[in-house]
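# Structural features, examined
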Amino acid sequence: MFVLRTRGTKLQSVKNSGTKRTDKMTSADSGPDERADDSVVYDLAADCTLSDISEGEQYHAAVNGVVDYGVFVDLSDSVSGLVHESNLSQSYDVGDDLVVKLLEVRENGDLSFVPADPDDYETVAVAHEYKVAETGNLGDQVGETVHLEGEVVQIKQTGGPTIFHVSDDTGVVPCAAFEEAGVRAHPEIDIGDVVHLVGVVEERDGALQVEATSLDALDGDEEDVVRDRLETALDERAEPHETEPLVEWPALEQLFPDLRDIAKQLRRTVLESRPIRVRHHADGDGMCASLPVELALKRFIEQTHQDPDAKRHLFKRLPSKAPFYEMEDVTRDLNFALEDQARHGQKLPLLLMLDNGSTEEDVPAYENLAHYDIPILVVDHHHPDPEAVEPYTDGHVNPYLYDEDYRITTGMMCVELARMICPDITEELRHVPAVAGISDRSKANAMTDYVELAESEGYSEEFLTDMGEALDYEAFWLKYDPGRNLINDVLNVGCDDEERHKELVSFLAERARSDTEQQLDAAMPHVQHERLASEAHLYRVDVENHAYRFTYPPPGKTTGEIHDRKVQETGEPVITIGFGPDFAVLRSDGVRLDIPEMVSELNEEIVGGGVSGGGHLVVGSIKFVKGMREQVLDALVEKMADAELDEALQSTTVGHQQED
Amino acid sequence: MFVLRTRGTKLQSVKNSGTKRTDKMTSADSGPDERADDSVVYDLAADCTLSDISEGEQYHAAVNGVVDYGVFVDLSDSVSGLVHESNLSQSYDVGDDLVVKLLEVRENGDLSFVPADPDDYETVAVAHEYKVAETGNLGDQVGETVHLEGEVVQIKQTGGPTIFHVSDDTGVVPCAAFEEAGVRAHPEIDIGDVVHLVGVVEERDGALQVEATSLDALDGDEEDVVRDRLETALDERAEPHETEPLVEWPALEQLFPDLRDIAKQLRRTVLESRPIRVRHHADGDGMCASLPVELALKRFIEQTHQDPDAKRHLFKRLPSKAPFYEMEDVTRDLNFALEDQARHGQKLPLLLMLDNGSTEEDVPAYENLAHYDIPILVVDHHHPDPEAVEPYTDGHVNPYLYDEDYRITTGMMCVELARMICPDITEELRHVPAVAGISDRSKANAMTDYVELAESEGYSEEFLTDMGEALDYEAFWLKYDPGRNLINDVLNVGCDDEERHKELVSFLAERARSDTEQQLDAAMPHVQHERLASEAHLYRVDVENHAYRFTYPPPGKTTGEIHDRKVQETGEPVITIGFGPDFAVLRSDGVRLDIPEMVSELNEEIVGGGVSGGGHLVVGSIKFVKGMREQVLDALVEKMADAELDEALQSTTVGHQQED
Amino acid sequence: MFVLRTRGTKLQSVKNSGTKRTDKMTSADSGPDERADDSVVYDLAADCTLSDISEGEQYHAAVNGVVDYGVFVDLSDSVSGLVHESNLSQSYDVGDDLVVKLLEVRENGDLSFVPADPDDYETVAVAHEYKVAETGNLGDQVGETVHLEGEVVQIKQTGGPTIFHVSDDTGVVPCAAFEEAGVRAHPEIDIGDVVHLVGVVEERDGALQVEATSLDALDGDEEDVVRDRLETALDERAEPHETEPLVEWPALEQLFPDLRDIAKQLRRTVLESRPIRVRHHADGDGMCASLPVELALKRFIEQTHQDPDAKRHLFKRLPSKAPFYEMEDVTRDLNFALEDQARHGQKLPLLLMLDNGSTEEDVPAYENLAHYDIPILVVDHHHPDPEAVEPYTDGHVNPYLYDEDYRITTGMMCVELARMICPDITEELRHVPAVAGISDRSKANAMTDYVELAESEGYSEEFLTDMGEALDYEAFWLKYDPGRNLINDVLNVGCDDEERHKELVSFLAERARSDTEQQLDAAMPHVQHERLASEAHLYRVDVENHAYRFTYPPPGKTTGEIHDRKVQETGEPVITIGFGPDFAVLRSDGVRLDIPEMVSELNEEIVGGGVSGGGHLVVGSIKFVKGMREQVLDALVEKMADAELDEALQSTTVGHQQED
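Residues numbered from 1 in each chain as written. Chains lettered and ligands numbered in written order. Predicted model: local features only at pLDDT ≥ 70, side-chain atom pairs only at ≥ 80, totals over all residues.

Quick look at the overall build of chain A now. What chain A contains, in helices and strands, is 18 helices and 23 strands. When each of the 660 residues of chain A is scored for burial, the buried share is 49%. (Helix = DSSP H or I, 4+ residues; strand = E, 2+ residues; numbered from the N terminus. Buried ≥ 20, exposed ≤ 12 C-beta atoms within 10 Å, placed from the backbone.)

Below, the structure written as structure tokens:
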């Protein structure tokens, strides 16, 4: 039996005035209800098969062959049969339309028709009955022909077939349509079209692909129904997982709703096959933030995309050398994104800023992106300028927005974010927040819990410290390269050789320390000391003239190291300035510096000093023009002399420092 | 009927002494005229078909099968038939040659022969009759078998077939010959060979390709005839279009013959499938010069090459950071060209220098290229050194060679050049000369017309200025990257989103201005002023010590900006020197500096100063060794004090400035 | 007849208690010896063919079809036949096992069986008889089916088949196994497995490939036997060639055993398909060392690998800008190697250091590699620190280890090394040792012989000098690029245009000289002279302030050039110091400096000087922090004043100099 309405979206039943299709017919309109059974003539869709027809029913047909013994008629692409000449009362030409009745399906499958000549009839369109398969669950249908309904999210021409990536409410699957080697199949189909695709499920290189036999864009109601279904499903599927925090910590937990929103947007971005580009701070905490998110998103891409290369095309991670999103970096990123769009048919990406991106200094780059369809998400723990940044972002998570501070490191937040995206990876991440915290010298109370958690996984506190050092050291030498495999080995996230991980961390930490020792051997004798009016110690070091250049540790870290030693040595309030020809790095313990305020005053007071900079209460950096260094530094020190002591304020590495 | 001489190049009729091919024949030589009809024996070429034979004629044949009822004989690859045993008076073995007469072509296509035994005969070679198709007009022959005659201009081995790019008098088409996947087909065919190719036209990815079934190199007369035809046609097709200038401007029009010559060489280079590499000045005028030429050449490549990838392989554009062709750049370019030649079978490229390349400083790089087959064309409006440069160039257009000057910018010339190459793009370029002129501060009278022309396209003068700023700004941040998609969006050449273009230009211009403002806030207070003996104002600024480094605007532009403000402020003759540790940028208004003369004097006078440099009357830059800066600058200022005032001389950005 | 044991590794004869396989049989155990002939039932391996069976014998079979007239049985993948119903006494279902006797092989090849019912029998496994082909000698077996036994050394998934590179005792051949386009065939096979592969030899792109029809991992005894054979053969094949030195020179010949060991390891590395990465000094001698080795290894790869791309995948060469293996370089190299391993299934590489790598400064990089399976070989002639280096190397050749010195240049050693790897290339290398020696100013006695050898090849001594200059010049401009084609043209190794080679060398040498002249014009007037207590002349030049920066010649070479002129000028002992902001380059003639000793003293004496450096008696460089330059240089000069004169000591360029 055939089915008029196979499923919600497929009904094409049209009641029309029966227009006689050959001159033998007369037409007359009448209400549908009054019609007798034989007043129905079915109009088969092109993809109808034998399963859609029944003996005794009437069909619209077209003559496709005339022979001595009769005419051959087509009811659909695959349903054809003969009207024997003995039943014909007139002659037909190829192409003539007529109405026929199915007399018999013979044993060998041949169909035998007779002409029908209803005076008045209703035409009922018949769609081929099919069950819509789910792109995410094709695993046990390998070798079978399936029907898919979904949105085309990427179209890639290969040297062989054209690959249409079709996304539905369960996943994305690449579908190969072959016209001719290298020839774009179905040029009428565009990205964003909702389609009905028929094809055979195949396994290729361990992944699934559908070999398309037919592909049509849906329109009208059909399209709307599918779009609604997809949108609802997309929203549901984008919903992040409900996770319990790794350690109980109310300060962090109040950020969970914001993190969940980021997680949802990222999951949705993956489901929409929009590429994600991560830019992160090139230091230990930045690595601890970006690697878990990378792992989670790649795992989620794997789960939702049948194409094994999707991981590589949809995710890219790059460290930023500067502590903000530089104009040079955004120009490069935009240029690549436009190239990918032009050459590979990819959507423009979403930008995810990690351990970077919260400050006014990032705004020019964001403004540049604003002219393109490139959403921006930020997870950062540097002192933010929300008024400046948020007009450009689609999500911004920062502990300062909750009256918390840098002590909630980006790595800590991102481990939770990664788990919301993909909770399976929790096992591999338990030690990461501790590394992030140690690396950024977080004084959070929760650090004790994080370290204990890491210890329960077999990491000693000393080794966690080594990991932080090793990450910083590798980040320095990798420069602009993400160094995926190397960094995985160091952080032991997605690393397959525990022994190597351990040796490598020890070696790198040891090198970092010995390089630092050598640097300090040169620099320490030149550190100048004075006692400020406030009784704070002020240490100054010329990192351009009294430290090695272009090697590890860079100026900011060198200054930090000196500062830490002096704090330890004196046990009293300490300010340290490491200055180069046109910059100074500032660190303080027990003194309230308020660097943004100082920068703004210096800029006004010192005409032609070109003073600018960033930071907050205890850490920061300033820039100035080379020729005004003495004036700027003198004025700076004067201001510092007046700075209020505050034992609660402790230094951190988390500032905007000039690193090269 | 068969045809002995199908077309000019195809005759292979050979009169020879009939050598009996089997022992049944006797041979005797005699003049062709005396021969009776049956003394002619035709020798079919391998590709002859049924259309080339006639009943009753005699043919050379070879036995390819012996059966009970006779022998099968081959006349060509596809012409075979039977000699029935009833007609045979001797036995034959496979491989034996004999002469047969065609008795009958049966209804089913079978051929029936009888042995012939002419005592004396002339052998006449028969080539298969064919019509030569045109590579540029294969569009309505898809699916048909065609014959091509042309020159092989590139041979590329793919993982599948070997692709021979065949060029004739109408275009270039890729022809795929398949031996075995990845195996070089026709190893006997080299680049430069003139060939006869038979194949089926196919459409692949929207472009045409010929699937070759046979491919043979021509030689002797055949080759000569085709080569002559191709050369004549090449010359004709390379002929540029006759265009009317966008605005009436005799100064520019006198350069048209030179520009037409460049256009012809470029078109010919495309037709010969030689890659073109453009090196251009990385500033506004350089972009306005190179983008129109890029668009025109790519359009022309599309029109003449069936391979859709040809655009990408045959054209590359790179900005030069330095204002001349540095040894490092030429080394890199040459290295890439040799690699492309070695790995992809490409010809060495032609080098097109735009808004760069006219000066002595370019000569070392040109000398380096001179050892390879790499022609050089230059279109520039910087003060040229024709004696130094022209021994190395195949074309050199520069307004100074016509007693004009920098006011005819390279962008203005190149818009006309682009139109000569491909006039269809005129619509997209009307606003470009105005941007070029504003960007390089051209004081040309024609600027009014150019600006009006742009205004008629909807561009206000203010917006044109913004475009110039935006181009400079993006050029700075892109560094060595051509940034194709980004720059197209800024200049609105090949950009598809008018709205985005407008917003982007406004944003970038605004950023450029605000960065410039910040730079000048720092630098202005440090500008030193003195009044020269000539009454001219001299301003000096230390751009290393009193300006930000490594950011926009770079030293040259910073100096120019300061200069422009001082000119406006004073309304009197002004010289500005922006100096760094080992360079100085010079700008003047109303003073005749003659920088080359000064450089040459300084170099002689200051021993160990290492003074070198370039420029001309009002703008330039000099280099020196760091340790001699004071002496060099003092001597320079002394010379400037003596420089003659000349109100007509106005500064421009068009000089050789140190930009980084 | 069939064969039970086809060859050593193939026996699978298993004596087991005959277990009746159908319920018609009864089983009874008995010793093998007592068995009658008809108590043997053969069990054919899946790949057995008709050649493995005989009429009258009994076989294990399985029913694969039941028809009216009998049952069809399978004995192996390709051996099947009928048991006629007339011979059947019971009914069978598909899948049933039974024992059959081969009644007859019919004329048409059909097999006719009868059921057999031995009460008690021994099962004897039968392997298909085959002859193992040699991967290195498949050239005359194109089109034939062959059997290979070897180790899988690389597995690469393509968009089409999976390519297994199989290595045996004669070579490596790529074998394509096709499952489905892009699908990993034989996922059960890993790198390192010893396999038995059956396939058809094909020629692809001039190279051989095997189209695999079956592929099985060997285990147990079979595996052991093959492994032993391969190991023995590998060791033999890795054996380098016995070569005669190009010139008689005992000093060099004593290094031959060490060089032969390096040659053997390199050959073995190639045979094992492990990639080789060369890092070499970016100067003339470094090029003369690395190009011959590159040529030899690529030739050897060609000879031993059927894959024409193997050359490119298995060999990479990169110059090092620094005179040692920097942390940045090793980080980059390791990152690439891990990426190649992850993405292309390649082994981690062997690192070959040429004209670099012998000193303590290389150790941190080596330590970094030590955590990965990356062997290190070093051939260098810089003053070595064997105790520091050798714990990390698998081979270290250096003339100082034989009480020789830098005069045996790395280029000289490597020409001999290259010939040991592949003696065919000797013709192309005869001139190279002379270039190497001249380039590094070797004062070796053998130089006369080398120059004569080069002269006999048509190179004048002047031209050899030009080649050295040209190499240095190109190395400078190529920066980090190996510049393969360019450098080949300069050194005339693998260059195909003699004329171009000559012109190019002359041009580049001339440019190098003119740039040097320009540099010295600036620098010479600033050279400061003093006479030391020892009567030696001391010259000092500030190469930062009195020479051009970022251009050729760089500081080290500038200093060397000045030194050489002063030595010539004075004819007396000379020391030259070229200093920059934080470094100094040292050269001496006729004075014993012992730079390492001086560095170590300075480091102790000057607190906060950050003095470090390298070098030896006559040449070296030191680094210090910028702000301590005066103190360091003063102390250095003081020490030099005390340095002992020694006329025998002559300067060389072979030191550790700061070049940028």
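What follows deals with the sheet that holds strand 18 (residues 528-531) of chain B. Residue and element names in this part refer to chain B. The strand order across the open sheet built from 6 strands is 18-19-20-21-23-22, with neighbouring strands paired in mixed fashion. Looking along the sheet, the strands with just one partner apiece sit at the ends: strand 18 and strand 22 (612-615). Taking each pair of neighbouring strands and ignoring which way they run, the sheet shows an average axis angle of 15°. Note: strand 19 (residues 537-542) against strand 20 (residues 574-579), 6 bridges, orientation parallel. (Pairing = 2+ DSSP bridges. Axes fitted to C-alpha atoms, helices over the stretch in contact; angles between N-to-C directions.)

Mapping chain A onto chain B leaves a residual RMSD of 0.2 Å; the transformation is a rotation of 120° accompanied by 0.0 Å of translation along its axis. The transformation just described matches what one would write down for a three-fold rotation axis. (Least-squares fit on C-alpha atoms with pLDDT ≥ 70 in both.)

Time to look at the pairing of strand 22 (residues 612-615) of chain A. Both faces of the sheet carry side chains from a regular strand, because those side chains alternate between them. Residues and elements named next belong to chain A. As paired strands, strand 22 and strand 23 (residues 619-623) are joined by 4 bridges and run antiparallel to one another. Directly across from G615, in strand 23, lies its bridge partner G620. Two successive antiparallel strands, strand 22 and strand 23, enclose a turn made up of 3 residues.

This next bit is on the interface of chain A and chain B. Counting from both sides, the interface comprises 25 residues of chain A and, opposite them, 29 residues of chain B. Among the secondary structure elements, those contributing two or more residues to the side of chain A that touches chain B are helix 6 (327-344) and helix 7 (363-369) of chain A. At 8 residues, helix 6 of chain A tops the list of elements feeding residues into the side of chain A that touches chain B. Each residue belonging to the side of chain A that touches chain B can be placed in one class, and the counts come to 9 nonpolar, 9 polar and 7 charged. (Contact = placed C-beta atoms within 7 Å. Nonpolar A, V, L, I, M, F, W, Y, C, P; charged D, E, K, R; others polar.)

Bringing the nonpolar core into the picture now. Within the largest apolar cluster, 262 residues are counted, with the highest numbers of intra-cluster contacts made by A:L417, A:L491, B:L417, B:L491, C:L417 and C:L491. Beyond its immediate stretch of four places on either side in the chain, A:L491 contacts A:M287, A:C288, A:L291, A:V432, A:V435, A:M467 and A:L471. (Core = buried A, V, L, I, M, F, W, Y, C linked by C-beta atoms within 7 Å.)

What follows concerns the packing of helix 3 (residues 256-271) of chain A against helix 9 (residues 410-421) of chain A. All names here are of chain A. Taken N-terminus to C-terminus, the directions of helix 3 and helix 9 make an angle of 50°; their axes are 9 Å apart at the nearest point. With respect to helix 9, the axis of helix 3 lies oblique. Here helix 3 runs over helix 9; the crossing is right-handed. Side by side, helix 3 and helix 9 meet where L259, R260, I262, A263, L266 and R267 of the first sit next to M413, E416, L417, M420 and I421 of the second. Residue composition of the contact of helix 3 with helix 9, by class: 8 nonpolar, no polar and 3 charged. (Parallel < 35°, antiparallel > 145°, perpendicular 65-115°, else oblique. Left-handed = near helix turned anticlockwise from the far one by under 90°.)

Further remarks concern the domain arrangement of chain A. Size of an interface: often given as the accessible area lost when the parts come together. Domains assigned within chain A are domain 1 (1-129), domain 2 (135-236), domain 3 (250-506) and domain 4 (527-641). Centre-to-centre, using C-alpha coordinates, domain 1 of chain A lies 62 Å away from domain 3 of chain A. (Domains from an automatic or database assignment.)

A few words now on the confidence of the model for chain A. All names here are of chain A. In this model, chain A carries an average pLDDT of 86, and 91% of its residues clear a pLDDT of 70 or more. Throughout residues 1-36 the model reports pLDDT below 50, and contacts reaching past four residues in sequence, or to other chains, amount to 58 contacts. Here residues 656-660 is a poorly scored stretch, pLDDT under 50, and it has 22 contacts once near neighbours within four places are set aside; other chains count. Among the prediction metrics, the complex's ipTM stands at 0.72, with pTM recorded as 0.77. (pLDDT = per-residue confidence, 0-100.)

Residues and elements named next belong to chain B. Residue P553 follows Y552 across a cis peptide bond; omega there is -5°. Within the fold, P553 resides in the loop between strand 19 and helix 16 (555-570). Of note, F550 is a non-glycine position whose phi angle comes to about 60°, a positive value. Tracing the chain through its elements places F550 in the loop between strand 19 and helix 16. By the C-beta count within 10 Å, which is 8 here, F550 ends up exposed.

Taken together, the 29 residues of chain A in the interface contact 26 residues of chain C. Those elements that provide at least two residues to the side of chain A that touches chain C are strand 11 (194-204), helix 13 (461-478), helix 14 (484-491) and helix 15 (498-523) of chain A. The residue inventory of the side of chain A that touches chain C, partitioned by class, reads 10 nonpolar, 6 polar and 13 charged.

Turning to the sheet that holds strand 22 (residues 612-615) of chain C, a few remarks are in order. By definition, the strands of a sheet pair up through backbone hydrogen bonds, in either a parallel or an antiparallel sense. All names here are of chain C. Taking strand neighbours across the sheet as the criterion, the 6 strands line up as 18-19-20-21-23-22 in an open arrangement whose pairing is mixed. Edge positions in the open sheet fall to strand 18 (528-531) and strand 22, since each of these has one partner strand only. Pairwise comparison of adjacent strand axes, ignoring direction, gives a mean angle of 15° for this sheet. Contacting strand 19 (537-542), strand 20 (574-579) and strand 21 (583-589), helix 16 (residues 555-570) crosses the sheet at an angle of about 155° to strand 20.

What follows concerns the environment of A:G494. Residue and element names in this part refer to chain A. Position of G494 among the secondary structure elements: in the loop between helix 14 and helix 15. C-alpha separation for the pair G494 and L429, spaced 65 residues apart in sequence, amounts to 9.8 Å. Beyond its immediate chain neighbours, meaning those up to four positions away, G494 contacts L295 and N488.

What follows covers helix 11 (residues 432-439) of chain C. All names here are of chain C. Counted residue by residue, helix 11 has 8 buried out of 8 residues, so it is predominantly covered. Among all positions of helix 11, only V432, P433, A434, V435, A436, G437, I438 and S439 are buried. Looking at the buried residues of helix 11, the elements they touch are helix 4 (284-304), helix 9 (410-421), helix 10 (426-429), helix 12 (446-456), helix 13 (461-478) and helix 14 (484-491).

Okay, the pairing of strand 16 (residues 376-379) of chain C next. Residues and elements named next belong to chain C. Residue alternation in strand 16 divides its side chains into two sets, I376 and V378 and L377 and V379, and both sets are buried. Where strand 15 (residues 350-354) and strand 16 come together, 4 bridges link them in parallel fashion. Paired with M353 across the strands is V378, a residue of strand 16. This β-α-β element, strand 15 to helix 7 (residues 363-369) to strand 16, shows right-handed connectivity. (Right-handed = clockwise from strand over helix to strand, strands pointing away.)

A word on the environment of B:P423. Residues and elements named next belong to chain B. In this fold, P423 is placed in the loop between helix 9 (410-421) and helix 10 (426-429). Residues P423 and R332 lie 91 residues apart in sequence; the distance between their C-alpha atoms is 33 Å. Once residues lying within four places of it in the same chain are set aside, the contact partners of P423 are H241 and T243.

On the UniProt side, "domain: S1 motif" (unreviewed entry) is annotated at positions that read residues 56-116 of chain A here. Helix makes up 0% of residues 56-116 of chain A and strand 56%, and the two end C-alpha atoms of the span are 11 Å apart. (UniProt positions renumbered as here; feature names shortened; annotations may be inferred.)

Here we take up helix 12 of chain C. Residues and elements named next belong to chain C. Residues of helix 12 that are buried include every one of A446, M447, Y450, V451 and A454, and no others. Take helix 12 and look down its axis: the buried residues cluster within an arc of 140°, on one side only. Set apart from the buried face of helix 12 by more than 90 degrees, the exposed residues are T448 and S456. Looking at the buried positions of helix 12, the neighbouring elements they touch are helix 2 (250-253), helix 11 and helix 13. Phi turns positive one or two residues past the end of helix 12, at G458, with a value near 100°. (Arc of directions from axis to C-beta.)

Attention shifts here to the environment of A:L334. When you line up the elements, A:L334 lands in helix 6. Here A:L334 falls in the buried class, since 25 other C-beta atoms lie within 10 Å of it. Separated by 273 residues in the primary sequence, A:L334 and A:A61 have C-alpha atoms spaced 56 Å apart. Apart from residues lying up to four places away in sequence, A:L334 is in contact with A:N368, A:L369, A:Y372 and B:L486.

A pair of packed helices is characterised by two quantities: the angle between their axes and the separation of those axes. Residue and element names in this part refer to chain C. Interhelical geometry of helix 4 versus helix 11 gives an angle of 155° and a closest axis separation of 7 Å. Judged by the inter-axis angle, helix 4 sits roughly antiparallel to helix 11. Where helix 4 crosses over helix 11, the two elements pack in a sense that is left-handed. On helix 11, the residues that touch G284, D285, C288, A289 and P292 of helix 4 are V432, V435, A436 and S439. Class assignment for the residues of the contact of helix 4 with helix 11 results in 6 nonpolar, 2 polar and 1 charged.

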